[in-house]
Amino acid sequence: MAMNLPSGRKGRRAPMAEINVTPLVDVMLVLLIIFMVTAPLLTAGVPVNLPDARAKALDQDQEPVQISLDEAGKLYVGETELIEAALPARLEAIAASSPMGPGGGKEPPQVYLRADKGLDYGRVMRVMGELNRAGLNRVSLVTVEGGAR
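The notes below deal with the structure included here.

Rules of the game
- Residues numbered from 1 in each chain as written.
- Predicted model: local features only at pLDDT ≥ 70, side-chain atom pairs only at ≥ 80, totals over all residues.
- Heavy atoms only, no water.
- Helix = DSSP H or I, 4+ residues; strand = E, 2+ residues; numbered from the N terminus.
- Buried < 20%, exposed > 50% of the residue type's maximum accessible area, 1.4 Å probe, protein only.
- Contact = heavy atoms within 4.5 Å.
- Salt bridge = Lys/Arg side-chain N within 4 Å of Asp/Glu carboxyl O.

Notes on the environment of L141
(1) Moving on: Mapping L141 onto the fold places it in strand β6 (residues 139-141).
(2) Moving on: Overall, the relative accessible area of 54% leaves L141 in the exposed class.
(3) Moving on: Along the sequence, L141 and P51 sit 90 residues apart, while their C-alpha atoms lie 9.9 Å from each other.
(4) Moving on: For L141, the contacting residues outside a window of four places in its chain are L113 and M128.

Focus: the side chain of E130
(1) Moving on: Mapped onto the elements, E130 comes out in helix α3 (residues 121-133).
(2) Moving on: Under the relative-accessibility criterion, E130 is labelled buried at 17%.
(3) Moving on: Those residues in contact with E130, other than ones at most four positions away along the chain, are L87, P88 and L91.

Looking at the pattern of salt bridges
Should their charged atoms come close, side chains of opposite charge can pair.
(1) Moving on: With the rule as written, the count across this model stands at three salt bridges.
(2) Moving on: With its nearest N and O atoms 3.3 Å apart, the salt bridge here joins R126 to E84. Of the two residues, R126 sits in helix α3 while E84 sits in the loop between β4 (80-82) and α2 (87-96), which places them 42 residues apart along the sequence.
(3) Moving on: Close ionic contact of E130 with R133 constitutes a salt bridge, the shortest N to O distance being 3.0 Å. You can see E130 and its partner R133 sitting in helix α3, three residues apart, about one turn around the helix.
(4) Moving on: With a relative accessible area of 65%, R133 lands in the exposed category.
(5) Moving on: Where salt bridges share partners, they join E84, R123 and R126 into one cluster.

Pasting the structure below:
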């Protein structure tokens, strides 16, 4: 009686050369959904009912300063609420910390002014006057794209 012993390579399995990517794809799809849901929540901290306009979005190379006026007339620089009397000092500090421009002089930062559409026009103009007085002349009024035609 002869014994049937595995000889050399017949009994061994070849190494598996395939990678199962299904779990990786599942994790990436879940992360994509999480980022798609949370990204719109991170864009604007102060709730403001913006007016509609037909203008296109601007391209930016540095982070702009956001100034917001909500429907109650409260003033915000970024996420911080300010009283109107403290605005000139805060704007001067922002202008003083601006980086050097390509011409060697200080280039004022871009300012996004977001104001509720129900606010008094004079209130918005007072803020714009303070921006001009501080030397912050690169002001963009933020609106909602796709307004009435």
